[in-house]
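Okay, here's what each chain looks like letter by letter:
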Amino acid sequence: MTIDEIKKLIQVGEKIDVEFKESKNALTKDVFDTVCSFNNRNGGHILLGVNDKREIVGVSEDKVDKVIKEFTTAINNPQKMYPPLYLLPEVFDIDEKKVIYIRVPEGYQVCRHNGRIWDRSYEGDINITDHSELVYKLYARKQGSYFVNKVYPNLDIDFLDASVIDKAKKMAVSRNKNHVWENMSNEELLRSANLILTDPETKREGITLAAILLFGKDNSIMSVLPQHKTDAIFRVENKDRYDDRDVVITNLIDSYDRLIEFGQKHLNDLFVLDGIVNVNARDRILREIVSNTLAHRDYSSGFPAKMIIDDQRITVENSNLAHGMGALDLQKFEPFPKNPAISKVFREIGLADELGSGMRNTYKYTQLYSGENPLFEEGDIFRTIIPLKKIATQKVGGGNVPRNVPQDVSRMSLEEIENIIKDMIKGDNRVSRKDIAMVLGVSEKTITRYIKDIPNIKYVGKGKNGHWELNE
């Protein structure tokens, strides 16, 4: 959150997800009702030091630390707020006054403040504890929509792999050295991520399916979800079967690493410029499509997820709870959380960004990588198609080498090499000797010796400071 964004919130005023509390000299007590109602609804923004008239009155400078301490202590107390929440207030200086900003996320378990259930409407915070129909709908909204929120009361934390939880904790702290997970126990981390919930029918508490998928031991995952699998296939030469394959049936965090490594193994890291900056478009694309299929698939389905790489495209398929049918339009697309608990952990550890950003990023980097647009198809099977240039899957090494081509570039003919270089410099019309050497897997000296006489390509400049251009 930035100062400009906070000013925009103040300018728009209070609404279903924005609340102002004056709290000039002390914490406004009903702020906890608002925290509870936001957590039970869609999340929201709380600003301390702003009154109902949208005026910045500020929190007294000598009271800021006291207000923050009182707030964090209360929301971490299960006797006051259940489940306890782990929120980080931020202090901003606006118009020479202190404003405390609190972001409350949407919760996936019904939240209570002092034993009372609060919900949010445009009119403000509503106590619905004694309204059985509203409470029923709230529980249904929290539990019924997400298969991965299924609770396993008979399974304890030992059912999970502590080393994977520790890995996730380190990933989160590496992104934010003050991350709240750093000093949490494994149980506290799971609770903060809504991975320990109460079964609404039995009223018993336990770890969720999302927790098992994220952090479970392999045999633990198979015991509760035997259909869990992601099939990675590379199919360029052997079109009937495959040239390489990895069947991934482990936890989602290690699955992410395995799928990324599979893609990196079979896709070349092409020289790509975003403006004047060289970017790794291949890895950016892989990050988005892999995190998307792991975080948003319908795990209740027996359909095995697939990532298939051939010489024309990457195709990713996974089962889906569809909210529409057909190709998605980037300009009209409205993201819908499929498995919020999994997505939340992915965001915390840096494997995903805010909901909806993945599609925009995939468009951007696919255009840079292949010059074409990706395709997203919504349906019972969600399908992502990333077009590829031939150069993306061209491999070096092996036998059957043409006599006039060095051993390093193996099976490529001079015509193929020329086409690769043309693809690399098309659009920018220049590429360095080092860039070509990296893609072809040869030395820069070899590049100069064997490629300088290829028709329609010329080397401009001297030594390593020069570059190749199309001579057309």
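For the structure, check the block above.
Residues numbered from 1 in each chain as written. Predicted model: local features only at pLDDT ≥ 70, side-chain atom pairs only at ≥ 80, totals over all residues. Heavy atoms only, no water.

Caption draft 1: Quick look at helix 12 (residues 357-370). Taking 1.5 Å of rise per residue, 14 residues should cover 20 Å, and helix 12 covers 20 Å from first to last C-alpha, within 8% of that figure. Restricting attention to buried positions, one finds in helix 12 the residues S357, G358, M359, T362, Y363, Y365, T366, Y369 and S370. On its buried face, helix 12 sits against helix 10 (281-296), strand 19 (375-378) and strand 20 (381-387). A positive phi of about 80° marks G371, the residue just after helix 12. (Helix = DSSP H or I, 4+ residues; strand = E, 2+ residues; numbered from the N terminus. Expected span 1.5 Å × (residues − 1). Buried < 20%, exposed > 50% of the residue type's maximum accessible area, 1.4 Å probe, protein only. Contact = heavy atoms within 4.5 Å.)

Caption draft 2: Region of interest: the sheet that holds strand 20. Strand order across the open sheet formed by seven strands is 13-12-16-17-20-19-18, with mixed pairing between neighbours. With one partner strand each, in any of the chains shown, strand 13 (244-248) and strand 18 (326-327) form the two edges of the open sheet. Those strands touched by helix 9 (residues 252-266) are strand 12 (230-234), strand 13 and strand 16 (305-309), and its axis lies near 170° from that of strand 13. Across the sheet, helix 12 lies against strand 19 and strand 20, angled at about 30° from strand 20, the strand it touches most. (Pairing = 2+ DSSP bridges. Axes fitted to C-alpha atoms, helices over the stretch in contact; angles between N-to-C directions.)

Caption draft 3: Representation of the pattern of salt bridges within the structure. Under the criterion given, the structure shown has 27 salt bridges. Notably, a salt bridge pairs R116 with D130, separated by 3.2 Å at the nearest N-O pair. Taken as a pair, R116 in strand 7 (residues 116-121) and D130 in the loop between strand 8 (124-127) and helix 4 (132-144) lie far apart in primary sequence, 14 residues in all. Taking the relative accessible area as the measure of exposure, R116 reaches 31% and is therefore partly exposed. One salt bridge in this structure joins E377 and R383, with 3.1 Å as the shortest N-O distance. Under the relative-accessibility criterion, R383 is labelled partly exposed at 25%. Each of the salt bridges in this network shares a partner with another, and the network as a whole consists of E19, K21, D30, R120 and D125. (Salt bridge = Lys/Arg side-chain N within 4 Å of Asp/Glu carboxyl O.)

Bear in mind that shape data such as this cannot, by itself, settle questions of function.
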